[in-house]
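Summary of structural features
Below, each chain spelled out in residue letters.
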Amino acid sequence: MTNTTFTPDSIASFAEAYPEKPNKLRHDLCDHPLLQLPALVELATQLRSDHVEYNQGDLPIGINPKDVPKPTLDVEETIRSIEESGSWMALKFIENIPEYQKLLVDTLSAIEPAVRGKTGEMIKLEGFIFVSSPGAVTPFHFDPEHNILLQIRGNKVLTMFPAEDENIVPPQDHESFAYGEHHRNLEWRDDISALGSPMALTAGEALFVPVKMPHWVQNGPDVSISLSVTWRSEWSVAESDARALNALLRQVGISPAAPGRWPANNAGKSIAFRALRKAGITKVARSMMS
Ligand SMILES: [Fe+2]
């Protein structure tokens, strides 16, 4: 059966834009029963507790992770009172629940040929659902996945920044991120504000967000529900390996060149890093870092 989540025009424009340019798509999932608030309360109770993250919504665009206040409501109360609670929550790795895994795989099936043709096999499919109160802000950050964000209810504005600008994200941040040692939130400076491009999303629209493209999110005046369908690719894994290798090179006093964005091929550094990892050398080097 052909999947009709995205319109044919959307799939064509995505195929053109992928993997470097943000791209708007249209989708038909707004009324999907698994994406309504009652189903999401149920989902929050089924997921592992560390896969349910919730935060207060009135945070500044840039915030140090240690300054993020602890939530005062439990997860079910947060969802049920989302209209008043001024918060946002993330239901993470929804593919661990079979119905949601099917939704994720079905949604991505229509764009899979376009992905494979450019960045290689689509791997590590993961899904996230964000439920946000009116006006909630998700601080400035980047994500390690290729991502399509489908707006299910309400609206929001994503302000996106150039992915390759080292003035926005220094290479050292990329390198520690490759080792899982960097919090997702990035340092915000007011002087980079003018480099952002705001993109508005309403229910029924989706936005393709290129891998590691920095962004922050401002929710509109209503409750928002968004579904994020993500994947890694042979290309994105190689880029991450190259960053990890660069971290090791920096430790021994070399200033390595940053891996290129697509279509640059980072396979050489990736192969070198994997060989070092196999030999156990990255573990030793990593323990020297901390
Ligand atoms: Fe994000």
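Please refer to the structure placed before this passage.
Okay, so let's go over this structure. Keep in mind the model is a prediction, meaning the values are calculated, not measured. Along each chain, residue indices are assigned from 1 in the same order as the chain's sequence is written. The predicted origin of the model limits local features to residues at a pLDDT of at least 70 and limits the giving and counting of side-chain atom pairs to 80 or more, whereas totals for whole chains, interfaces and linings rest on all residues. Working from all heavy atoms in the structure, the side-chain values ignore hydrogens and water.

1. Let's talk about the coordination of the iron ion
- Only nitrogen, oxygen and sulfur atoms qualify as donors, and only when within 2.8 Å of the metal (3.2 Å in the case of Na, K and Ca); with water excluded, sites may look incomplete. Around the iron ion, the protein supplies His141 (NE2), Asp143 (OD) and His215 (NE2) as donor atoms, at distances of 2.1 to 2.2 Å.
- One chain supplies every donor for the iron ion, spaced along it as H-x1-D-x71-H. Here Asp143, found in the loop between β5 (137-141) and β6 (146-153), pairs with His215, found in strand β10 (residues 215-219); they are 72 residues apart in sequence, far enough to count as distant.
- Relative accessible area serves as the criterion here: at 4%, His215 is assigned to the buried category. Only DSSP runs of H or I reaching four residues or more are called helices, and only runs of E reaching two or more are called strands; each is numbered from the N terminus. Remark: exposure states derive from per-residue accessible area (1.4 Å probe, protein chains only) relative to the maximum for the residue type, with buried under 20%, exposed over 50%, and partly exposed in between.

2. Brief notes about the pattern of salt bridges
- Salt bridges, as used here, are contacts in which a Lys or Arg side-chain nitrogen is within 4 Å of a carboxyl oxygen on Asp or Glu. Inspection of the entire model under this criterion finds 13 salt bridges.
- Taking the shortest distance from any N to any O, the salt bridge between Glu112 and Arg116 comes out at 2.6 Å. Linking Glu112 with Arg116, this pair stays in helix α6 (residues 112-119), spanning four residues, or about one helical turn.
- Judged by relative accessible area, which is 46%, Arg116 ranks as partly exposed.

3. Points about the sheet that holds strand β7 (residues 155-160)
- A sheet is described by the order of its strands in space; here four strands give the open sequence β5-β10-β7-β8, paired in antiparallel fashion. Every other strand in the sheet has two partners, leaving β5 and β8 (197-202) as the edge strands with one partner each. When strand polarity is set aside, the average angle formed by the axes of neighbouring strands in this sheet is 15°.
- When β5 meets β10, the two strands line up antiparallel, connected through three bridges. Paired with Val137 across the strands is Gln218, a residue of β10. By the convention used here, strands pair only if DSSP detects at least 2 bridges between them. Axes here mean lines fitted to C-alpha atoms, for a helix over just the part in contact, with angles spanning 0 to 180 degrees between N-to-C directions.

4. What about the packing of aromatic side chains?
- Classification of ring pairs rests on two measures: the distance between centres of Phe, Tyr or Trp rings, Trp counted by its six-membered ring, which must be within 6.5 Å, and the angle between planes, read as stacked under 30 degrees, edge-to-face over 60 and tilted in between. Enumeration according to the criterion identifies eleven aromatic pairs in this entry.
- Clustering of aromatic rings is evident, with ring pairs tying together Phe14, Tyr18, Phe208 and Trp231.

5. Quick look at the side chain of Ser228
- Topologically, Ser228 is positioned in strand β11 (residues 224-233).
- We classify Ser228 as buried; its relative accessible area is 3%.
- Polar contacts, as counted here, are pairs of nitrogen or oxygen atoms within 3.5 Å of one another; within protein the pair requires one atom able to donate a hydrogen and one able to accept it, and residues that are adjacent in sequence qualify only if both atoms are side-chain atoms. One polar contact links Ser228 to Asn147, side chain to side chain, over a distance of 2.7 Å.
- Setting aside residues no more than four positions away along its own chain, Ser228 makes contact with Glu126, Gly127, Phe128, Phe130, Asn147, Ile148 and Leu149. Two residues form a contact once any of their heavy atoms are found within 4.5 Å.

Spatial relationships are all this shows, so hold off on functional conclusions.
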